[in-house]
Amino acid sequence: MEEKKFKTFDQQIEILKSRNLKFGSEETAINALKRYGYYSIINGYKDLYISEVDGKEIYKDGTTFEQIYSLYEMDKKICSAIVKTMLKVEDRLKTATAYVIAETFSEREEKYLIKKNYRQGKKIDNSDDYSIDALFRKLEKVRNDMRIPTIRHYKEKYDNIPPWILFKELSFGNIVNLIKLQKGPQKRKIISLIYGFPEPAIKSISQIYDLFMDSLFVFLDYRNRAAHGGRVYNFQTHSEFRYNPLIHSRLEISPEDYRLGIGKSGLSSMCTALIYYGGEELFLELAVDITIAIKSHCEIYPSDKDYLSKYFDLKLGE
């Protein structure tokens, strides 16, 4: 395989021109490449605009750098919207989990930080540990971190860190794993607080429980992807939604459609799952932000509309 060698910004422009890419302003293009890099803009967003001719990538006639850069900017706006929404989801998860654990086991560390209160989870490969052991190591690290002002304050003044303080310092992934390791009664209480469904309904209607658990891991995948600058508009998460009328019927996705891979992941399914997180506030906020970002791009480049509608098509405001 040919080694990738360093190219100056001017050389990068010449390579793109040799592949039939047009420029409205080479100076503007160079400034964009200086700020965000060739790999992020071109390699991340070129797929829609290229054809392969004799084993070489050639840009379709009429494709401009500005069009690719506009798609890049559209995606970054979607990333920002996802991160903003997931911060709110994270806060709701932490608040509900801390409430249930304090109510069930006490706010005292010596009572709620006992492994037998939780499921042990899966055995960790090449280790004698289980998931709960790894999680408790993380909890222990946070509760002893005196660099965190609230942790230091509660240790020094009360000699105890209640769950609503400790859990605020956990990552999204940590709180998702903590919820996963809750036993049935506590997990149902957390779902009830967030979804607003009574606990008996959660116990008897598997679709409610399934949606909550599936959404946790889909949200986590999207949050991590967006926070680390990955492309999200056509991102298909590793985690998937099981077929669930609670979201798929809203999207008019039938079981037959689902078996063809429609609705297992994607922006539309992820956004729709937000409806159950305390009303439609989070859903509308994110869906509108995504819709505005896509429409802004498509107003300038209408030829991209059909392609983008495959990944997000809630038809808001139409």
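Just so you know, these numbers come straight off a predicted model, no measurement behind them.

## So, the overall build of the protein chain
Here is step 1 of the chain: When its secondary structure is counted, the protein chain shows 17 helices and two strands.
Here is step 2 of the chain: By principal-axis analysis of the C-alpha atoms, the protein chain measures approximately 70 × 45 × 40 Å.
Here is step 3 of the chain: Looking at the 318 residues of the protein chain, the share that counts as buried comes to 47%.
Here is step 4 of the chain: Sequence-distant contacts, at least 24 apart, represent 62% of the contacts inside the protein chain between residues at least 6 apart.
Here is step 5 of the chain: Here the protein chain displays about 17,000 Å² of accessible surface, and carbon together with sulfur accounts for 50% of that area.
Here is step 6 of the chain: For the protein chain, the distance from the average site of its 50 positive side-chain charges to the average site of its 46 negative ones is 5 Å.

## Re the environment of S106
Here is step 1 of the chain: Within the secondary structure, S106 is located in the loop between α4 (65–105) and α5 (109–112).
Here is step 2 of the chain: Spatially, the C-alpha atoms of S106 and P163 are 9.0 Å apart, while their sequence positions differ by 57 residues.
Here is step 3 of the chain: With residues up to four places along the chain from it excluded, the contact list for S106 reads I101, K111 and Y112.
Here is step 4 of the chain: Within polar-contact distance, the side chain of S106 engages the backbone nitrogen of R108 at 3.0 Å.

## A short note on the nonpolar core
Here is step 1 of the chain: Ranked by internal contacts, the top residues of the largest apolar core, which has 96 residues, are F65, I78, I82, F167, F212, M270 and Y277.
Here is step 2 of the chain: Counting residues per element, this core draws most heavily on α4, at 18 residues.

## Some words on the side chain of N244
Here is step 1 of the chain: As for its position among the elements, N244 is in the loop between α12 (206–227) and α13 (245–248).
Here is step 2 of the chain: For N244, the residues in contact, after removing those within four places along its chain, are Q207, D210, L211 and S249.

## So, the pattern of salt bridges
Here is step 1 of the chain: Under the defined criterion, the tally for this structure stands at 18 salt bridges.
Here is step 2 of the chain: Taking the shortest distance from any N to any O, the salt bridge between E285 and K88 comes out at 2.8 Å. A residue pair is termed long-range when its members are at least 10 positions apart, and E285 in helix α16 (residues 281–300) and K88 in helix α4 qualify at 197 residues.
Here is step 3 of the chain: A relative accessible area of 30% means that K88 is categorised as partly exposed.
Here is step 4 of the chain: Each of E14, K17 and E26 takes part in salt bridges that share partners, so that together they form one network.

## Some points on the pairing of strand β2 (residues 56–59)
Here is step 1 of the chain: Where strand β1 (residues 50–53) and β2 come together, four bridges link them in antiparallel fashion. Following the sheet pairing, S51 is matched in β2 by I58.
Here is step 2 of the chain: Connecting β1 to the next strand, β2, in antiparallel fashion are two residues, including D54 with a positive phi near 55 degrees.

## Regarding the packing of α4 against α12
Here is step 1 of the chain: Two elements in contact, α4 and α12, have axes whose closest approach is 9 Å; the angle formed by their N-to-C orientations is 135 degrees. Taken as axis vectors, α4 and α12 run oblique relative to one another. Where α4 crosses over α12, the two elements pack in a sense that is left-handed. Contacts between α4 and α12 pair C79, I82, V83, M86, V89 and L93 from the former with F212, L216, F219, Y222, R223, A226 and A227 from the latter.
Here is step 2 of the chain: Its residues assigned to classes, the contact of α4 with α12 shows 12 nonpolar, no polar and one charged.

## Examining the environment of I124
Here is step 1 of the chain: You can see I124 is positioned in the loop between α5 and α6 (131–143).
Here is step 2 of the chain: Filtering out sequence-adjacent residues up to four positions away, I124 remains in contact with D129, Y130, S131 and A134.

## Focus on the side chain of D221
Here is step 1 of the chain: Residue position: D221 is located in helix α12.
Here is step 2 of the chain: Buried within the structure, D221 lacks any salt-bridge partner; its nearest side chain of opposite charge belongs to R225, at an N-O separation of 9.8 Å.
Here is step 3 of the chain: A polar side-chain atom of D221 sits 3.0 Å from the main-chain amide nitrogen of S239.

Definitions and cut-offs
Residues numbered from 1 in each chain as written. Predicted model: local features only at pLDDT ≥ 70, side-chain atom pairs only at ≥ 80, totals over all residues. Heavy atoms only, no water. Helix = DSSP H or I, 4+ residues; strand = E, 2+ residues; numbered from the N terminus. Buried < 20%, exposed > 50% of the residue type's maximum accessible area, 1.4 Å probe, protein only. Contact = heavy atoms within 4.5 Å. Areas by Shrake-Rupley, 256 points an atom, 1.4 Å probe, with all protein chains shown as cover. Lys, Arg positive; Asp, Glu negative; His and termini not counted. Charge placed at Lys NZ, Arg CZ, Asp CG, Glu CD. Polar contact = N/O pair within 3.5 Å; in protein donor to acceptor, adjacent residues only side chain to side chain. Core = buried A, V, L, I, M, F, W, Y, C linked by side-chain atoms within 4.5 Å. Salt bridge = Lys/Arg side-chain N within 4 Å of Asp/Glu carboxyl O. Pairing = 2+ DSSP bridges. Axes fitted to C-alpha atoms, helices over the stretch in contact; angles between N-to-C directions. Parallel < 35°, antiparallel > 145°, perpendicular 65-115°, else oblique. Left-handed = near helix turned anticlockwise from the far one by under 90°. Nonpolar A, V, L, I, M, F, W, Y, C, P; charged D, E, K, R; others polar.

No statement about biological role is implied by the geometric values presented.
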